[in-house]
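What follows is the residue order along each chain.
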Amino acid sequence: MRNSRQDFPDPSLRAYPAGSASPAPVRFRLAVYGGAFDPPHPGHESVVRRVLECAEQVLLVPSHRHAHGKRMVDFALRCAWLERLATRIDPARVRCDAIEARLAPGATAVYSYDLLQAVAGEYGVVPGDIALVIGEDNLPQVAGFHRGAELRERFGLLVADETLLLHSSAIRLHLREGLALPPAWCLPEVQGELDIYRELQ
């Protein structure tokens, strides 16, 4: 189904069709949600569940290399966490793809435009049926992305407001300082393996 229109009542998620500067009730075939996911947390789950309201499928894409060179826990572990999360949410509609490791096996970070182009080719989906999932704080910055104007022209956007005030950096900081994590900060998929952050100094 190509960009069929439907009303999406959730005001915390806005859909932008390819080439449009205004939100509209558009449904996409594929939504690409990238990030470090270091670690994934309930805020990420909230975004995925909201995105499923206006996308047939959601692709979780962990960063293979951080754009700013930050150290992250093992890529394979982050993929495993996301695969478990996808299975719990909806294994038929949500999946993790390690595509960035295939696109840039070395030290180079993958640009959003190049990622979306690769996804379109690998999944056989026309660019206009694909949306990049971003946070509300990133919307003003998209124009400054690598090939940002082309990205906006060829692909859609799904802009998710932050409904849970939680960031992976806060989880990492708590663990490195030996503090107990509030239960609401933890996903069941990662809870038993978060001690790895206590070892990273």
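What you see is a predicted model, and the numbers here were worked out from it, not measured in a lab.

Draft legend 1. Inspection of the nonpolar core at higher detail. Core analysis: the biggest nonpolar cluster contains 41 residues, and Tyr 33, Val 48, Val 51, Val 58, Leu 60, Val 94 and Leu 158 have the highest contact counts within it. Not counting the four nearest positions on each side in its chain, Leu 158 is found in contact with Leu 13, Arg 14, Ala 15, Phe 28, Ala 31, Val 51, Cys 54, Ala 131, Leu 132, Val 133 and Ile 134. Residues Ile 99, Leu 132, Ile 134 and Leu 151 belong to the second largest nonpolar core, which totals 23 residues.

Draft legend 2. Examining the environment of Cys 96 more closely. Among the secondary structure elements, Cys 96 is positioned in strand β4 (residues 94–96). For the pair Cys 96 and Tyr 33, spaced 63 residues apart in the sequence, the C-alpha separation amounts to 9.5 Å. Residues contacting Cys 96, with those up to four places away along its chain left out, are Leu 60, Pro 62, Cys 79, Leu 82 and Glu 83.

Draft legend 3. Quick look at helix α1 (residues 42–51). Of all 10 residues making up α1, nine are buried, and the element is well covered by its neighbours. All of the buried residues in α1 are Pro 42, Gly 43, His 44, Glu 45, Ser 46, Val 47, Val 48, Arg 50 and Val 51.

Draft legend 4. How the structure looks around the pairing of strand β5 (residues 130–135). The buried fraction of β5 amounts to five of the six residues, a majority that puts the element mostly inside the structure. One ladder, built from three bridges, connects strand β2 (residues 28–35) with β5; its direction is parallel. The residue bridging Val 32 from the neighbouring strand is Leu 132, located in β5. A crossover links β5 with its parallel partner strand β6 (residues 156–160), the connecting element being helix α5 (residues 148–154), and its sense is right-handed.

Draft legend 5. Just the pattern of salt bridges, in detail. If you walk through the whole model with that rule in mind, you get 10 salt bridges. The salt bridge partner of Arg 172 is Asp 38, with a shortest N-O separation of 3.9 Å. With Arg 172 in helix α6 (residues 168–176) and Asp 38 in the loop between β2 and α1, the pair connects residues that are 134 residues apart, well separated along the chain. Note on Arg 172: relative accessible area 19%, which makes it buried. Between Glu 45 and Arg 49 there is a salt bridge; the shortest N-O distance is 2.9 Å. Linking Glu 45 with Arg 49, this pair stays in helix α1, spanning four residues, or about one helical turn. You can call Glu 45 buried: its relative accessible area is 12%.

Draft legend 6. Local environment of unusual backbone geometry. In this structure, the amide linkage connecting Asp 38 to the following residue, Pro 39, adopts the cis form with an omega of 0 degrees. When you line up the elements, Pro 39 lands in the loop between β2 and α1. Unusually for a residue other than glycine, Phe 37 sits at a positive phi of about 50 degrees. Within the secondary structure layout, Phe 37 lies in the loop between β2 and α1. Given the relative accessible area of 4%, Phe 37 is considered buried. Positive phi values are uncommon outside glycine, yet Arg 147 reaches one of about 55 degrees. With respect to the helices, strands and loops of the structure, Arg 147 is situated in the loop between β5 and α5.

What counts and what doesn't
- Residue numbers here run from 1 along each chain, matching the order of that chain's written sequence.
- For this predicted model, a pLDDT threshold of at least 70 governs which residues receive local features, and a threshold of 80 or more governs which side-chain atom pairs are given and counted, while totals over whole chains, interfaces and linings are taken from all residues.
- Each side-chain value is derived from all of the structure's non-hydrogen atoms; neither hydrogens nor water enter the calculation.
- Note on terminology: a nonpolar core comprises buried Ala, Val, Leu, Ile, Met, Phe, Trp, Tyr and Cys residues joined through side-chain atoms within 4.5 Å.
- For every residue, the accessible area (1.4 Å probe, protein chains only) is compared with the maximum for its type, and the residue is labelled buried under 20%, exposed over 50%, or partly exposed between those bounds.
- For this analysis, residues touch if any pair of their heavy atoms sits within 4.5 Å.
- By the criteria applied, helices consist of DSSP H or I runs no shorter than four residues and strands consist of E runs no shorter than two, each listed in order from the N terminus.
- Paired strands, as defined in this entry, are two strands with at least two bridges between them according to DSSP.
- When the strands point away from the viewer, a crossover counts as right-handed if the path from the first strand over the helix to the second runs clockwise.
- For salt bridges, the criterion is a side-chain nitrogen of Lys or Arg within 4 Å of an Asp or Glu carboxyl oxygen.

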